[in-house]
Amino acid sequence: MELMLRPSRDPRPLLPLPPHDLYILLALLDQAMHGYGIIQDVARRTDGETALGTSTVYAALKRLLAAGVIVETGRPAGERSGDKRRRYYRATPFGHTVAREAASDLARLHGLVREAKLLGRAAPASGRSRP
Amino acid sequence: VTPRRRSRLGEIHSWVLRRVLTSLDAADRADAAADFNWLRAEAWRRSSRAWLRVWWRELRALARTWWEERRAARRSTTAAPRTARAMAPAFAYDVRHAARGLVRDRSVTAFALLSLVLGMGVNATTIDLVDRLLLRGPDAIAHPDRLARIYRRLDTPVGAQTSPWLPLETYEHLRDGTHEFAVVGAYGVRDTTVGRAADSRMLLVGMSLGGFFRTLGTVPEVGRFFLPGEVADSAGPLVVLSDSLWRTSFSADPAVIGRSLDIDGVPHAVVGVAPPGFTGPDVGRVDAWTLADRRSAGAYNWKVVGRLRPGASVASASAEAQRLHIRATDDEPKWIGNAFLLAAPITYDDTASESIQARIATWMAAVSAIILTVTCANVVNLLLVRLARRQREIGVRVALGGSRSRIMRLVALEGLLLVVAGGAASLWIAETAGPVLAVALFPGGAGWAPAAVATVVLARCPGAIEHLPEGLKALDMRNAVVHEGRAPGLFPTEVTAPASSARRSLLSISTVIHT
């Protein structure tokens, strides 16, 4: 019997990801975390500018779980602090794909913003940039 | 905040989570509550401000999440696209159903419609009058708020007397010396014989001097107005017709310019036609405008109006008029020497105070607003009683799967149809009654309208207010929701309806009208 490759899921219907979902996904790309850890990780990454509420986090986790972007996992090895009953989450391979697509979308958007010179870059003296 | 109180706050948070985020399962909610406890404890260690910030952030997040989940749930339950085209058939059906319901219940509909037409009609009429008398100023005048009229105030043994009538000399001093006014004109209106022999009749003819029409900034409908430097001595007797006189006596002939009209037995050449509704700075009717000659100008007193320069105000114009008057007292008639000159807006009456018409109109506007409120209460009351009678029908609809929003839409559409029909009819009332009320408001006819309006309001207020709670009680939609598998209309309710439909309608109307 011939093995068939399972067709990969298309991440496009999930995009654009709401900002909070993207923050959470970024936090779960490299390591498994529980809800409180996610809140702290997002606050650390954004220098305290983005502080997620617990309801926001758990509603987003529920959405991402349902979409197969993240998965519930066991307590990571070496994790000693906190409640043993806590549930941990990490990104699935599909979650990595979604994060990459979301990142490339953002990069494209960033490129457009740079072209429009909205970020305060001084224009060249000649008024025209070299190719 | 003591630890005990903190734990009580945690319980409140858990309760809110349970009530608001129903989509989360118990484990998620427990995790969220535990996380929030940690966040609070950590913030408390930092400062009470940080603790408050955590609470504020959490409550905001809860509200946002609740809203997003509600929106998502709505999107998922309504699979059919909610476009106008997709919803049009259901909407058309609801409109037809509402119209049929109103036609079926003719007596209630007729009474509600009548109430609305009267209430809205009176309002539209009075609002139009208030707009004209208080806000907009006389018709066909450019920026009437920049016009001012000059008055004289004389102290007499019986008190101060204010009047707008000034001698020609005072007008000429103001015209020649003013800096506050861009242009000044004078006018007066009197009863005059117009026409020849058997066709002659008494009409109101205005006489004007100098830049009267330029002051008003009015644009003629046909031909031209008198020019600022024009006087009858050199130009001959000229006349500008009002729009109504042009239509009645000259059949709105566009070639009327140059034709002759006898005024006081003197043939006047027609030079122009004023726009419709133009009555000069006053609100009363004027049939024609003539140009005064020097002899007649000296024989009459005049009302003087001026257009304020940019930056000038009525107060500064007042001060300037008095200064000019004091300087030229020797050249003016002796009787005005002791008078004090002042300026006032042209919406003011002959005593330089808010006109009696404007006061009546304001009063009527207030009363008509009350009438509209009472009318609305009446109609709402009537519709509520009608709705209470339809509990059985609504119960059946709910039992058959009719959504709450659809049923509310049906009920709302009936009200909307009534309002649309009532609004259309009230516009007709306003068109018809407006001129009648305007005539009644002018000197000689005032007095009846406020009394009539007040009588109606006083007669109807108690009935509407006392029965409102009864109607609200009857509406209690919870009675209309299927309860224990049976339609609610089958249960006994507090509203007992007579058997006959006609009698029921009459009872509804009578409960609304009378106490």
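Thresholds applied
Residues numbered from 1 in each chain as written. Chains lettered and ligands numbered in written order. Predicted model: local features only at pLDDT ≥ 70, side-chain atom pairs only at ≥ 80, totals over all residues. Heavy atoms only, no water. Core = buried A, V, L, I, M, F, W, Y, C linked by side-chain atoms within 4.5 Å. Buried < 20%, exposed > 50% of the residue type's maximum accessible area, 1.4 Å probe, protein only. Helix = DSSP H or I, 4+ residues; strand = E, 2+ residues; numbered from the N terminus. Contact = heavy atoms within 4.5 Å. Phe/Tyr/Trp six-rings, centres within 6.5 Å; stacked < 30°, edge-to-face > 60°. Salt bridge = Lys/Arg side-chain N within 4 Å of Asp/Glu carboxyl O.

Grouped together as the largest cluster of nonpolar side chains are 41 residues, with contacts concentrated most on A:Ile24, A:Leu25, A:Leu28, A:Ile38, A:Leu61, A:Val69 and A:Ile70. Mapped by element, the contributors of at least two residues to this core are helix H1 (19–28), helix H2 (35–45), helix H3 (54–66), strand E2 (88–91) and helix H4 (93–115) of chain A together with helix H1 (3–20), helix H2 (26–46) and helix H3 (48–77) of chain B. Discounting residues that sit within four places of it in the chain, A:Leu61 has contacts with A:Ile24, A:Leu28, A:Ile38, A:Ile70 and A:Tyr89.

Residues and elements named next belong to chain B. Tallied over the entire structure, the rule returns 15 aromatic pairs over all chains. Measuring from centroid to centroid gives 5.1 Å for phenylalanine 212 and tryptophan 289, while their planes differ by 35°, and the two rings are tilted. In this pair, phenylalanine 212 sits in helix H7 (residues 212–216) while tryptophan 289 sits in strand E10 (residues 288–291), placing the two residues 77 residues apart along the sequence. For the pair shown, phenylalanine 212 and tryptophan 289 are each scored as buried. Ring geometry for tyrosine 300 and tryptophan 302: centres 6.5 Å apart, planes at 85°, overall edge-to-face.

What follows is about the pattern of salt bridges. All names here are of chain B. Evaluation of the coordinates by the stated rule reveals 27 salt bridges over all chains. Between aspartate 105 and arginine 386 there is a salt bridge; the shortest N-O distance is 2.9 Å. Remark: arginine 386 occurs in helix H12 (residues 356–389) and aspartate 105 occurs in the loop between helix H4 (84–104) and helix H5 (106–136); sequence separation between them is 281 residues. No difference in accessibility class separates aspartate 105 from arginine 386, as the two residues are buried. Measuring nitrogen to oxygen at the nearest pair gives 3.4 Å for the salt bridge that ties aspartate 264 to arginine 190. Note that aspartate 264 is positioned in the loop between strand E8 (260–263) and strand E9 (266–273) and arginine 190 in strand E4 (residues 181–194), a separation of 74 residues in sequence.

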